[in-house]
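Architecture and fold: a report
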Amino acid sequence: MASLAARATRATVLGKKSFPPFSVVSRALSTKATSYTLNTGAKIPALGFGTFQDPDSQENTVSLALQKGMRLIDTARVYNVEEQVGRGIKKSGIPREDIFVGTKLWCNDYHPNDVERAVDDSLRDLDTPYVDLLLMHYPCTFKRGPDRFPRDADGRMVAGETTFLDTWKAMEKVIETGKVKAIGVSNFSRGEISTLINESSTIPAVHQMEVHPYLQQKGFNEWLQKNGIHVVQFSPLGNMNDFYRQTGWSKEISHMMRVIDQPILKEIGEKYGKSPVQVVLAWGINSGRSVIPKSVVDWQIEQNLEADFELQPEDMAQIATLDAKARFNDPSLDYEWRLYSDLEGIDGAMKGKTH
Ligand SMILES: NC(=O)c1ccc[n+]([C@@H]2O[C@H](COP(=O)([O-])OP(=O)(O)OC[C@H]3O[C@@H](n4cnc5c(N)ncnc54)[C@H](OP(=O)(O)O)[C@@H]3O)[C@@H](O)[C@H]2O)c1
């Protein structure tokens, strides 16, 4: 079975691109540059840039996105793009201290004795002395060792011997070294985050999770906000990423119309002179969250940068009606861990077959 990273690699469309030299950001007048304050006191931009997939494009697209005004870069060890991201940051000419860089620890590096070494590996590849944010990618722990997807003879994932709480406590220690400015989690349930809150001294600064108009998770978002945990929406455009159709993680719901083709989004966009994609991203920002759309296409990156604008309450209310509790990212069966167990939108993939 191919690894996540191998499956993530696909043909790029970079041939026709042009990469302008360093230029000062000029956003449309209607476009804001919202940022939020994390529970650490640090600022995080509302609008960011995802780097999952298309490794050959990431150096140039990260550089372009930064030159055009993005200041939040999201990556992960398991994406196999940290080197490219690091080169893109350098190439952009934007000072490192002006950029919020976040990466994620992968599940085979969760043993407490492996955590700082894994951070060092990421820092080396990103070519930076620190990251602004380190996330635990999933709550499940895989067998420690070089194999990112350790499987037994029957192809089943082999679990690690420590828990996410052990990993979290090791991450807390890395903060003290200055190599990591803040720590957080991704793909956790409410119960799992409660464990961290109750049994450690650090409340996660961020929860990165799937949120888009088809999976709004209103109650969970309110709970996170109440606990001072900032939400970063991954897959903010919903089911745009073909990965979800290819893996089978969301087989039962893969037939759904693309979020951005919902007519109501087009109608709302027309009022503001914005595209449905921009409306979807603005919905996330107007809800107090960060969004990290990924793109390797110049005009799309530029369009996404113009997505920080105010939506009227009646338009926010219209978008609320699109909630379908449809979760596309659910590798529970594959990872042998019941993810999102107490959250909305767990039905799709759990009833289907994994890849
Ligand atoms: N923590 C986690 O477990 C997790 C899981 C998934 C994702 N993430 C993070 O979240 C980021 C974003 O998620 P994602 O890549 O799954 O989904 P996404 O950003 O919602 O969607 C990406 C897709 O939308 C397309 N797109 C982007 N901007 C567009 C525009 N303006 N117009 C039309 N199409 C546009 C992209 O096309 P092109 O690629 O062709 O440009 C790509 O196919 C990832 O890159 C990663 O950093 C984290």
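Up top you'll find the structure we're talking about.
What you are looking at is a predicted structure, and each value in this text was computed from that prediction instead of being measured.

Points about the overall build of the chain
Helix and strand counts for the chain come out as 14 helices and 10 strands. Residue burial in the chain is summarised as follows: out of 355 residues, 49% are buried.

Thoughts on the site of the ligand
Near the ligand lie 25 residues; those nearest to it are G50, F52, L237, K294 and S295. Counting residues per element, the shell around the ligand draws most heavily on helix α11 (residues 298-305), at 3 residues. In terms of residue class, the shell around the ligand is built from 10 nonpolar, 13 polar and 2 charged.

Topic: the packing of helix α2 (residues 55-68) against helix α3 (residues 82-92)
The axes of two packed helices give the description: the angle between them and the distance between them. Running from amino to carboxyl end, α2 crosses α3 at an angle of 35°, the nearest separation of the two axes being 7 Å. In this structure, α2 meets α3 at a crossing whose hand is right-handed. Residues P55, Q58, E59, N60, V62, S63, L66 and Q67 of α2 touch α3, and the partners they reach there are Q84, V85, R87, G88, I89, K91 and S92. Partitioned by chemical class, the residues of the contact of α2 with α3 number 5 nonpolar, 7 polar and 3 charged.

With respect to the pairing of strand β9 (residues 230-234)
The side chains of a regular strand alternate between the sheet's two faces. Here β9 lies mainly inside the structure; 5 of its 5 residues are buried. Residues of β9 alternate between two faces, with H230, V232 and F234 on one and V231 and Q233 on the opposite face, all of them buried. Of the strand pairs in this sheet, strand β8 (residues 206-210) and β9 are connected by 5 bridges, and their pairing is parallel. Along β9, the bridge assignment pairs E210 with F234. Once the chain exits β8 it traverses helix α7 (residues 218-226) before rejoining the sheet at β9, and the crossover so formed is right-handed. Relative to strand β10 (residues 290-291), β9 is paired through 2 bridges, and the arrangement is parallel. If you follow V232 over to β10, its bridge partner there is S290.

Side note on the sheet that holds strand β5 (residues 100-105)
Taking strand neighbours across the sheet as the criterion, the 8 strands line up as β3-β4-β5-β6-β7-β8-β9-β10 in an open arrangement whose pairing is parallel. The sheet is open, and its two edges are formed by β3 (49-50) and β10, each paired on a single side. Helix α5 (residues 164-177) contacts β6 (133-136) and β7 (183-186) of the sheet and is inclined by roughly 170° relative to β6.

A short note on the environment of R124
Mapped onto the elements of the fold, R124 is located in helix α4 (residues 115-126). C-alpha separation for the pair R124 and E83, spaced 41 residues apart in sequence, amounts to 8.2 Å.

A word on the pairing of β7
Burial along β7 is two-sided: I183 and V185 and G184 and S186, pointing in opposite directions, are all buried. Pairing of β6 with β7, which is carried by 3 bridges, proceeds in the parallel orientation. Residue pairing across strands places L135 opposite G184, the latter belonging to β7. Sheet topology note: the β7/β8 ladder contains 2 bridges and is parallel. The residue bridging S186 from the neighbouring strand is Q208, located in β8. Since β7 and β8 lie parallel, the crossover through helix α6 (residues 190-199) that links them has a hand, and here it is right-handed.

Conventions used here
Residues numbered from 1 in each chain as written. Predicted model: local features only at pLDDT ≥ 70, side-chain atom pairs only at ≥ 80, totals over all residues. Helix = DSSP H or I, 4+ residues; strand = E, 2+ residues; numbered from the N terminus. Buried ≥ 20, exposed ≤ 12 C-beta atoms within 10 Å, placed from the backbone. Near = placed C-beta within 6 Å. Nonpolar A, V, L, I, M, F, W, Y, C, P; charged D, E, K, R; others polar. Axes fitted to C-alpha atoms, helices over the stretch in contact; angles between N-to-C directions. Left-handed = near helix turned anticlockwise from the far one by under 90°. Contact = placed C-beta atoms within 7 Å. Pairing = 2+ DSSP bridges. Right-handed = clockwise from strand over helix to strand, strands pointing away.

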